[in-house]
Each structure stands twice: as C-alpha cells, then as structure tokens.
Amino acid sequence: MPKQNTLYRYLTGPDDASFCHRVSEALSKGWVLYGHPTLTYDEKTQRVICGQAIIKDVEVPYSPDLKLSEQ
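Here is a short report on the structure shown in this document. (Residues numbered from 1 in each chain as written. Predicted model: local features only at pLDDT ≥ 70, side-chain atom pairs only at ≥ 80, totals over all residues. Heavy atoms only, no water.)

### Some words on the side chain of Asn5
Here's step 1: Structurally, the position occupied by Asn5 is in strand β1 (residues 5–14).
Here's step 2: Engagement of the side chain of Asn5 in a polar contact is seen with the backbone oxygen of Val60, the distance being 2.7 Å.
Here's step 3: Setting aside residues no more than four positions away along its own chain, Asn5 makes contact with Lys56, Asp57, Val58, Val60, Pro61 and Tyr62. (Helix = DSSP H or I, 4+ residues; strand = E, 2+ residues; numbered from the N terminus. Polar contact = N/O pair within 3.5 Å; in protein donor to acceptor, adjacent residues only side chain to side chain. Contact = heavy atoms within 4.5 Å.)

### Remarks on a nonpolar patch on the surface
Here's step 1: Residues Tyr8, Tyr10 and Tyr34 make up a contiguous nonpolar surface patch of roughly 350 Å² in combined accessible area.
Here's step 2: Summarising the element assignment, Tyr10 is placed in strand β1. (Patch = residues over 30% accessible without salt bridge, like charges linked within 9 Å, V, L, I, M, F, W, Y side chains within 5 Å. Areas by Shrake-Rupley, 256 points an atom, 1.4 Å probe, with all protein chains shown as cover. Salt bridge = Lys/Arg side-chain N within 4 Å of Asp/Glu carboxyl O.)

### Describing the environment of Ser24
Here's step 1: On the secondary structure map, Ser24 appears in helix α1 (residues 17–28).
Here's step 2: Considering only alpha carbons, one finds Ser24 and Glu59, 35 residues apart in sequence, at a separation of 22 Å.

### As for unusual backbone geometry
Here's step 1: The backbone of Gln46 sits at a positive phi, close to 55 degrees, despite the residue not being glycine.
Here's step 2: By the element assignment, Gln46 lies in the loop between β3 (38–42) and β4 (47–58).

### Thoughts on the environment of Leu39
Here's step 1: Its location among the elements puts Leu39 in strand β3.
Here's step 2: Considering only alpha carbons, one finds Leu39 and Asp15, 24 residues apart in sequence, at a separation of 8.2 Å.
Here's step 3: Once residues lying within four places of it in the same chain are set aside, the contact partners of Leu39 are Val48, Ile49 and Cys50.

### A closer look at the pattern of salt bridges
Here's step 1: Counting across every chain of the model gives two salt bridges.
Here's step 2: The partner of Arg47 in a salt bridge is Asp16, with the nearest N and O atoms 3.4 Å apart. Of this pair, Arg47 sits in strand β4 while Asp16 is found in the loop between β1 and α1, placing the two residues 31 residues apart along the sequence.
Here's step 3: A salt bridge links Glu25 to Lys29; the nearest nitrogen and oxygen atoms lie 3.4 Å apart.
Here's step 4: Judged by relative accessible area, which is 41%, Lys29 ranks as partly exposed. (Buried < 20%, exposed > 50% of the residue type's maximum accessible area, 1.4 Å probe, protein only.)

From the geometry alone we can't say anything about function, so treat these as descriptive.
Here it is as structure tokens:
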C-alpha cells in the first residue's frame, strides 16, 4: 500500500465567478479548503485578485512531476 501524502495547491485568480468555479471544481474532486482566502489589489489590471489554499490526501508517491490539478 502506498504511503498517504498530503498535496497542496494555491489557487489564484480575479475576484469573479470564474475563480469561485475553479475552487468549487477542486472541492468536487476531493480537495479541502486550507486556511482563509486572501485578497490583494493588482494596480496594473485594477482588479482584486483572490487566493485560496487547498489540500488533498492521496495514496500516490510524491514526485515533483506530479500534476496536482489532475489529482
């Protein structure tokens, strides 16, 4: 049995429905919110940017080549 590993991702994007859909999609695939969301203002684009950390426990060996978005 492979060792269980916790994967970490940090999603970022404009504060709009597309960002919420990305987070919702990740949650539907078993990812879990980790910590509070973050917000910052991008002066260049004059938009608010959101960030949300997510984690997921998996039973696959960790490798830097692992495609996190496909887990």
